[in-house]
Amino acid sequence: NTWTVSQTTIKHITMMYKSKTGFTLLELTIVIVILGTISVASIFTVGNYISDAQIDIDTGKIVQILRTAYSNSVSELYGQNWGVHFNEGQNTYTLFAGTDYTSRVVEHDTVFTIDDSLEFYELDFYSGNDYVIFNKNTGHINSDASFTVREKNGNISVDILINTYGQINIKK
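Reading the values: rules and limits
- Residues numbered from 1 in each chain as written.
- Predicted model: local features only at pLDDT ≥ 70, side-chain atom pairs only at ≥ 80, totals over all residues.
- Heavy atoms only, no water.
- Pairing = 2+ DSSP bridges.
- Helix = DSSP H or I, 4+ residues; strand = E, 2+ residues; numbered from the N terminus.
- Axes fitted to C-alpha atoms, helices over the stretch in contact; angles between N-to-C directions.
- Core = buried A, V, L, I, M, F, W, Y, C linked by side-chain atoms within 4.5 Å.
- Buried < 20%, exposed > 50% of the residue type's maximum accessible area, 1.4 Å probe, protein only.
- Contact = heavy atoms within 4.5 Å.
- Patch = residues over 30% accessible without salt bridge, like charges linked within 9 Å, V, L, I, M, F, W, Y side chains within 5 Å.
- Areas by Shrake-Rupley, 256 points an atom, 1.4 Å probe, with all protein chains shown as cover.
- Salt bridge = Lys/Arg side-chain N within 4 Å of Asp/Glu carboxyl O.
- Phe/Tyr/Trp six-rings, centres within 6.5 Å; stacked < 30°, edge-to-face > 60°.
- Lys NZ or Arg CZ within 6 Å of the ring centre and 35° of its normal.
- pLDDT = per-residue confidence, 0-100.

Colleague: Could you clarify how one ought to interpret the sheet that holds strand E8 (residues 168–171) in this entry?
Modeller: For sheets, the rule is that strands pair by backbone hydrogen bonds, running either parallel or antiparallel. With antiparallel pairing, the 4 strands of this open sheet are ordered in space as E4-E6-E7-E8. The sheet is open, and its two edges are formed by strand E4 (118–124) and E8, each paired on a single side. Averaged over all pairs of adjacent strands, the angle between their axes in this sheet comes to 20°, without regard to strand direction. The sheet contact formed by E4 and strand E6 (residues 145–151) spans 5 bridges and is antiparallel. If you follow Tyr121 over to E6, its bridge partner there is Thr148.

Given below as structure tokens:
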């Protein structure tokens, strides 16, 4: 028995083979949906990472300024108490010298800002003030103080706590 293959059969087999080498529309659609899902998930992950990093950076700066106020008070720099004033509406905070913010020595003020995506929240300072004062020589404050730095959308927040001894703690 010998097999004979006509030219027409060879062309037909070749055409069938060529049509099977590409991807179907369904296969391409599935791959695109999978890639799209992975892209969206990674965008949210990167966005959260950036938000975490920003709040960590700004919180670190605030703690550094609070520690500077404490240190300046303990060393009695310019013979003054030192404090930090928090302006909720403008997202600024000010390192200042004096017994309170309204009667401070203005020429010693240094103003800092937090990122526009963040805000101060739930300021809880002595006598309802919007500032904390470290007493000269001891660095103590009159009562425990706390406040929150958070994203304006409220997703991520960090609490900053200051005890009466002037110790500063961060709570995530």
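Colleague: Please clarify how the nonpolar core should be interpreted in this entry.
Modeller: Note that soluble globular proteins tend to have their nonpolar side chains buried in a common cluster. Among the nonpolar cores identified, the biggest contains 27 residues, and Ile62, Leu66, Val84, Phe86, Val132 and Phe147 are the most heavily contacted of them. Contributions of two or more residues to this core are made by helix H2 (25–74), strand E1 (82–87), strand E2 (92–97), E4, strand E5 (131–134), E6 and strand E7 (157–162). No other element matches the 6 residues that H2 contributes to this core. Beyond its immediate stretch of four places on either side in the chain, Val132 contacts Leu66, Trp82, Gly83, Val84, Phe125, Ile141, Ala145 and Ile162.

Colleague: I'm lost on a nonpolar patch on the surface in this one. Help?
Modeller: Together, Leu26, Ile30, Val31, Ile34, Leu35 and Ile38 make up a nonpolar patch on the protein surface, roughly 580 Å² of accessible area in all. Within the element layout of this structure, Leu26 appears in helix H2. The exposure class of Leu26 is exposed, given its relative accessible area of 59%.

Colleague: Looking at this model, I keep getting lost on the packing of aromatic side chains. Mind explaining?
Modeller: What describes a pair of aromatic rings is the distance from one ring centre to the other and the angle between the planes of the rings. A full pass over the atoms with the stated rule returns 12 aromatic pairs. Summarising the aromatic geometry, the rings of Phe86 and Phe147 are spaced 4.4 Å apart at their centres and angled 45° between planes, so their arrangement reads as tilted. Of this pair, Phe86 sits in strand E1 while Phe147 sits in strand E6, placing them 61 residues apart in sequence. Per residue, the accessibility class of Phe86 equals that of Phe147, and both read buried. A connected cluster of aromatic rings, assembled from ring pairs, spans Phe86, Tyr93, Phe112, Phe120, Phe125 and Phe147. The lysine or arginine in question, Arg104, covers the ring of Tyr101, its NZ or CZ lying 3.9 Å from the ring centre. In this structure, Arg150 packs its charged tip against the face of Tyr121, placed 3.5 Å from the ring centre.

Colleague: I'm lost on the sheet that holds E2 in this one. Help?
Modeller: The antiparallel open sheet is built from 4 strands, whose spatial order is E3-E2-E1-E5. The sheet is open, and its two edges are formed by strand E3 (110–113) and E5, each paired on a single side. Neighbour-to-neighbour, the strand axes of this sheet turn through a mean angle of 15°, independent of strand direction.

Colleague: I keep staring at unusual backbone geometry and nothing clicks. Help me out?
Modeller: Glycine aside, the phi torsion of most residues is negative, and most peptide linkages are trans. Phi angles above zero are rare outside glycine, and Asn91 is one such case at about 55°. Tracing the chain through its elements places Asn91 in the loop between E1 and E2. The class of Asn91 is buried, set by a relative accessible area of 6%. Phi is positive for Glu122, which is not a glycine, with a value near 50°. Positionally, Glu122 belongs in strand E4.

Colleague: Where do I start with the pairing of E8 in this structure?
Modeller: The side chains of a regular strand alternate, residue by residue, between the two faces of the sheet. Sheet topology note: the E7/E8 ladder contains 4 bridges and is antiparallel. Counterpart to Ile162 in the pairing with E8 is Ile168. Between E7 and the antiparallel strand that follows it, E8, lie 5 residues; Gly166 among them carries a positive phi value of about 85°.

Colleague: Would you mind showing me how to read the confidence of the model for the chain here?
Modeller: Fine structural detail should not be taken from predicted coordinates in areas where pLDDT scores are low. Here the chain averages 87 in pLDDT, while 82% of its residues score no lower than 70. At the level of individual helices and strands, the chain shows its lowest average pLDDT in helix H1 (residues 7–19), which scores 65, and its highest in E2, which scores 97.

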